[in-house]
Amino acid sequence: MRIILFGPPGSGKGTQGDLIASRFGYPKISTGDLLRRAVQERSALGIKAEALMNKGKLVSDDIVERLVRERIAAPDARHGYLLDGFPRNLTQALGLEAMDGGRAELAIEIDVDSRVLIERMRNRMTCRSCGAIVNLNLEKPRIEGRCDSCNGELYQRLDDRPEVIAERFRVYKEETGKIRDYYKTKSVYRRVDGSGSVEQVFARISEILDRENAGREADR
Ligand code: AMP
């Protein structure tokens, strides 16, 4: 199945995307992760993207579409994938549609109150080596400043600073309404309540995916 996961910054897309990938077997494709890797590698694309990302602005549609097109062409994505953080605007949604096999079959929005989001992002740390996300409010790493999974360094993303968070919310609000409407007209839109624990949100998403998969089985 080709799934799009979207939601405001800090809504848990990355964490839920990992859980969906491991339970349902779809590769998770996160444009944020792909871009952060390019920045770390100091590639030409990464250098171009870095300044925009640090200000909370969107990277150009061309760049992200190129990354997605290459990634969904990989063999592991042939039978479906989960897109995290893409599309971010209507141009990208239409760009995805034009890619080979890029038609979204499910577009899930994780909806969370903005006060909860700001609190989450303030306490969010990311592992420099494996990309794992740790919320210091919910879990303390065994060794301070180190990732429990790979012992990599935990850091706060530059774009998780309060002044950048505000800009990311603004950008999200401006663009999301159009994506939501677009996927509603395609009858693939589903809203998920993103409040509560990671497990509670995952249970809500799993219910949607289980129902969808059962419907497909029945249609066969
Ligand atoms: P994320 O990890 O999804 O929160 O993305 C982090 C940052 O990467 C965003 O604030 C943007 O600067 C950039 N980015 C990620 N995905 C996209 C996209 N689909 N279009 C444009 N910029 C993106």
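Above: the structure in question.
Now for a description of the structure that goes with this document.

Criteria and cut-off values
- Residues numbered from 1 in each chain as written.
- Predicted model: local features only at pLDDT ≥ 70, side-chain atom pairs only at ≥ 80, totals over all residues.
- Heavy atoms only, no water.
- Axes fitted to C-alpha atoms, helices over the stretch in contact; angles between N-to-C directions.
- Helix = DSSP H or I, 4+ residues; strand = E, 2+ residues; numbered from the N terminus.
- Parallel < 35°, antiparallel > 145°, perpendicular 65-115°, else oblique.
- Left-handed = near helix turned anticlockwise from the far one by under 90°.
- Contact = heavy atoms within 4.5 Å.
- Expected span 1.5 Å × (residues − 1).
- Buried < 20%, exposed > 50% of the residue type's maximum accessible area, 1.4 Å probe, protein only.
- Near = heavy atom within 4 Å.
- Polar contact = N/O pair within 3.5 Å; in protein donor to acceptor, adjacent residues only side chain to side chain.
- Areas by Shrake-Rupley, 256 points an atom, 1.4 Å probe, with all protein chains shown as cover.
- Core = buried A, V, L, I, M, F, W, Y, C linked by side-chain atoms within 4.5 Å.
- Pairing = 2+ DSSP bridges.
- Salt bridge = Lys/Arg side-chain N within 4 Å of Asp/Glu carboxyl O.

1. Let's talk about the packing of helix α2 (residues 31-40) against helix α3 (residues 44-54)
It is the contact of α2 with α3, at a shortest axis distance of 8 Å, that shows an interaxial angle of 115°. Here α2 is positioned roughly perpendicular relative to α3, judged by the angle of their axes. α2 and α3 meet at a crossing whose hand is left-handed. In this structure, α2 contributes G32, L35, R36, A38 and V39 to the contact, and α3 contributes L45, G46, A49, E50 and M53.

2. Quick notes on helix α4 (residues 61-72)
An ideal rise of 1.5 Å per residue puts 16 Å on twelve residues; α4 measures up with 16 Å between its terminal C-alpha atoms. Here α4 has its buried residues at I63, V64, E65, L67, V68 and I72. Close packing links the buried residues of α4 with β2 (28-30), α2, α3, β3 (81-84) and α5 (90-98).

3. Considering the site of the ligand
Close contacts around the ligand come from 16 residues, with T31, K57, G85, Q92 and R168 the closest. Within the contact set of the ligand, an oxygen atom lies 3.3 Å away from a side-chain nitrogen or oxygen of R157. Contacts to the ligand include R168, whose side-chain N or O atom sits 3.0 Å from an oxygen atom. Bound to the protein, the ligand loses 96% of the 480 Å² it would expose on its own. Per element, the largest residue contribution to the shell around the ligand is four residues, and it comes from α2.

4. Remarks on the environment of L19
Mapped onto the secondary structure, L19 falls in helix α1 (residues 13-24). In sequence terms L19 and V198 are 179 residues apart; their C-alpha atoms lie 9.5 Å from each other.

5. So, the nonpolar core
Formed by 31 residues in total, the largest nonpolar core has its most connected members in I4, L35, L83, L96 and Y183. Where this core is concerned, the elements lending two or more residues are β1 (2-6), α2, α3, α4, β3, α5 and α7 (162-185). When residues in this core are grouped by element, the largest group, five residues, is from α4. Excluding anything up to four places from it in sequence, L35 contacts L45, A49, M53, V59, I63, V64 and L67. Residues L82, V112, F202 and I208 belong to the second largest nonpolar core, which totals 21 residues.

6. Section: the pairing of strand β4 (residues 106-111)
Counting buried positions over the six residues of β4 gives five, a clear majority of the element. Alignment of β1 against β4, held across four bridges, turns out to be parallel. Residue pairing for β4: F6 is matched across the bridge by E109. As defined by bridge partners, β4 adjoins strand β8 (residues 189-193) across five bridges and the pair is classed as parallel. Residue pairing across strands places I110 opposite V192, the latter belonging to β8.

7. Digging into the pattern of salt bridges
Counted according to the given criterion, the structure contains 26 salt bridges. As a salt-bridge pair, E50 and R42 come within 3.1 Å of each other at their nearest N and O atoms. On the basis of relative accessible area, E50 is assigned to the partly exposed category, the value being 24%. Two residues, R170 and E174, come together in a salt bridge whose shortest N-O distance is 2.7 Å. Here E174 and R170 lie together in helix α7, a separation of four residues that amounts to about one turn.

8. Examining the pairing of β3
Of the two faces of β3, the one carrying Y81 and L83 and the one carrying L82 and D84 are both buried. Judged from the four bridges that link them, β1 and β3 form a sheet pairing that is parallel. Paired with R2 across the bridge in β3 is Y81.

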